[in-house]
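For reference, the chains in residue letters:
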Amino acid sequence: MTDTVGLQYVTTNIEGGEFSYVAAAGSKDELRSALGRDYVHFKLDLRFFDSETNTVVLIETKQSFVDADINQLREYVDQEKALFPKNKIIAILANTTNEDLRVWKSVVDDEHELPGETAIDTMSYYSSLFDTNRQNNREKVLRNTYALNELLHKKDIDEKLRSQFVGTTLLYVKSVIKQRGISEINDETAKGLREYWSNFNAAQIRAGIQTTLDDLLDGSDNKAKKVELLKTNVVGDQKVKKLALEDWLKILNDIVVGIYAYIDEDSSEGQDLLNLFFIAFNKYTGKADKNQAFTPDHITEFACRVTGVDRNTRIFDGACGSGSFLVQGMVKALADCTTMPGTQSEKETQQAKIKREHIYGVEVEEKAYGLATTNMLIHGDGNSNIKFGSLFDSMQFVLDADPDVILMNPPFNAKPIGIPSHYKAEWGKAKDGKEDPTKGMVFVQFVSDCIKAANLQRRQNNQSTKTVKMAVILPIAAAIGANTILSDAKNKTLVDNTLEAVFTLPNEIFYPGASASACMMVFTLGQPHFDPQTKEPNKATFFGYYKDDAHKKKKNLGRIEQFDENNASKWKAVEDKWLRLFRNKTVEAGMSAMQEVTHNDEWLVEAYMETDYSKLIVDDFQATLNNYLAYLVKEGRVVEAGASVEEGESR
């Protein structure tokens, strides 16, 4: 322990290498006076102190500690605070018979215990735990994101460029703050940053953003293309060039004090907030395209948990858009590294490997590709394995990625012209239509073919085959549609893959972007759905009625997470229940069902679950009538208020 933390930091004042707080105070009475009460323990096994950072590490060792030993460690922390009030404290309870330990920061209680600490580490690591005082604040980030959007509207920055603009500007802000050694955003440091930027002109600030992007993308695959896109969509834009220095000072200040100050990016929650900021900005500025379907961060997190993403998972998204799934997968994998055995250095090595080798994406649309690149950079790189191009031209890229988990939200209305001809051989006139008649299932087919090709290669090399988990968000029409083309696509998908689950997602899940109703399908790729002998399903599929995610629409903020009277997230409780029902394959009235299905069946829980009549209210009946009327109007069966349905339609 001494060698790891650092021999030069050891402080002892009695024989045996221990540290006595009585000796430090001068006497028992003086220690009692400093504490303001009596005490039992005062001889600490190991004390380390770094005078440069005022960080002290207190270690109490036991052969096999028990909960009662926590009180002893708490006494030492109280004595440390009483005698050395300026010190920043890390308190550790460590076993000598094995490597078990528990670690607390500042206070020995449940709230301040540090998760994922599995090994004694260095003094520099423990000092770094106090480097920032930023606090994660979800609602303030959302509100300030909306305010920032309004500011950019007033500054005449084009809607379609705002997400890219704020993303790259945030990267520049982070770079400047790091270069200037700022660890806390307060009135003084914010004022200092404004004075720093006041010494530049607008052109120099744009050049600073350009330099930041160049530096961050060093070593990245296809760097020239990425820099070109980011430059075109940010510093090269004519309206951005018109921003005066005062405009820049206002924008930079609002990002510093309104966004950056409320995100602790060294925490997994802070990484989630960075993603939330980016997704939220996409939503606020994407209203011009109602077909944009940016996946909410809590749904991407749910997909990661459903598919079991951890530090060893290789993740692929074949239609990555702004990178929401990839970012969430990376955040989950990085967070899992904190629970692995070993030192902080070993954990950081695995985290670097995740960013370098475990995250893969493809995006065909230029602006979205630029957004994905920026989003990954905001979260600390991971962008070098995002490919610009069509998924359907990327089979070798998928094979090289060798994914364990595939997370996707493919376009619901892709144009058939971009889909390979062999998938359209039996589409008839639909192959020349405006929209993909498979409602996105063709993307699942292609990925399935990639996994099939990979397994064929493995068999040829006398290697064992591999199954891959896939969570894909598709429109409800993909689950219940009965047209021949869609049914055929589903049938071909089930030949090589098992449909594990389908979750009906909340209404307006993409609000305020696309208005489509959606579901999440979960497949095990590489494992046939049907028994080769009986041609019957190998097992039942789980269906979940996952409509209530404890989020509410809030003006100007989108769909917002709700909290109970104890400030606990209602969504977290809902998510845990969703996962528990799925993992245990539990059938619950009004929530879930199990059913063997084929391509000819509906893939939606509403067709199979029992109704929980105790929860029905008059509003449910009215909502059903309203939805039916809306359907009739959409289908042209009701042409005006008061008109009758078309002949033959049941009433």
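As shown above, the structure is provided for reference.
Residues numbered from 1 in each chain as written. Predicted model: local features only at pLDDT ≥ 70, side-chain atom pairs only at ≥ 80, totals over all residues. Heavy atoms only, no water.

1. Some points on the sheet that holds strand S6 (residues 101–105)
Note the threshold: Each pair of strands is called paired provided DSSP finds at least two bridges between the two strands. Think of it this way: any DSSP run of H or I at least four residues long counts as a helix, any run of E at least two long counts as a strand, and we number them from the N terminus. What counts as an axis is a line fitted to C-alpha atoms, over the stretch in contact for a helix, and the angles between N-to-C directions run from 0 to 180 degrees.
Here we have four strands laid out as an open sheet, ordered S3-S4-S5-S6, and mixed in their pairing. Each of the sheet's edge strands pairs with one partner strand only, and the pair in question is strand S3 (46–50) and S6. When strand polarity is set aside, the average angle formed by the axes of neighbouring strands in this sheet is 15 degrees. Direction of pairing for S3 relative to strand S4 (residues 55–62): antiparallel, over a ladder of five bridges. In the sheet register, Phe48 faces S4, and the bridge partner there is Val57.

2. With respect to the side chain of Glu500
What counts, and what does not: What qualifies as a polar contact is a pair of N or O atoms within 3.5 Å, subject to a donor-acceptor requirement within protein and to the restriction that residues adjacent in sequence count only when both atoms come from side chains. Here, residues are in contact when the closest pair of their heavy atoms is within 4.5 Å.
Mapped onto the elements of the fold, Glu500 is located in strand S12 (residues 497–504). One polar contact links Glu500 to Thr524, side chain to side chain, over a distance of 2.7 Å. A polar atom in the side chain of Glu500 sits 2.8 Å from the side chain of Lys539. Apart from the residues within four sequence positions on either side, Glu500 is in contact with Lys469, Val522, Phe523, Thr524, Gln527, Lys539, Thr541, Phe542 and Phe582.

3. Focus on the pattern of salt bridges
We count it as follows: For salt bridges, the criterion is a side-chain nitrogen of Lys or Arg within 4 Å of an Asp or Glu carboxyl oxygen.
Summed over the entire model, instances satisfying the criterion amount to 26 salt bridges. With a closest N to O distance of 3.2 Å, Arg32 and Asp38 form a salt bridge. The shortest N-O distance in the salt bridge between Arg305 and Asp576 comes to 3.3 Å. In this pair, Arg305 is assigned in helix H14 (residues 297–307) and Asp576 in helix H22 (residues 570–584), connecting sequence segments 271 residues apart. One continuous salt-bridge network, built from bridges that share partners, spans Glu301, Arg305, Lys332, Lys572, Glu575 and Asp576.

4. Here's the deal with the packing of H14 against H22
Angle between the axes and distance between the axes: these two values describe a pair of packed helices. In plain terms, the rule: Note that the term roughly parallel is reserved for angles under 35 degrees, roughly antiparallel for angles over 145, roughly perpendicular for angles of 65 to 115, and oblique for everything else. Two helices that cross are described as forming a left-handed crossing if the nearer one is turned anticlockwise from the farther one by less than a right angle, and a right-handed crossing if clockwise. Residue classes follow a fixed rule: Ala, Val, Leu, Ile, Met, Phe, Trp, Tyr, Cys and Pro count as nonpolar, while Asp, Glu, Lys and Arg count as charged, and any other residue, Gly among them, counts as polar.
The contact between H14 and H22 brings their axes to 11 Å, and the two run at 30 degrees. Relative to H22, the element H14 is oriented roughly parallel. For the pair H14 and H22, the crossing hand works out as right-handed. Residues His298, Glu301, Phe302, Arg305 and Val306 of H14 form the contact with H22, whose own contacting residues are Trp571, Lys572, Glu575, Asp576, Trp578, Leu579, Phe582 and Arg583. A per-class count over the contact of H14 with H22 returns six nonpolar, one polar and six charged.

5. What to know about the sheet that holds strand S14 (residues 541–545)
Across the sheet, nine strands lie side by side as S9-S8-S7-S10-S11-S13-S12-S14-S17; this open sheet has mixed pairing. Two strands lie at the open edges of the sheet, namely strand S9 (386–388) and strand S17 (592–595), each paired on one side alone. Going across the sheet, the axis of each strand differs from the next one's by a mean of 20 degrees, ignoring polarity. Bridge count for S12 against strand S13 (residues 518–525) is seven bridges, and the pairing is antiparallel. Residue pairing in the sheet places Phe503 in a bridge with Met520 of S13. The strands touched by H22 are S12, S14 and S17; relative to S12, the strand with the most contacts, the crossing angle is about 150 degrees.

That is the geometry; function is a separate question.
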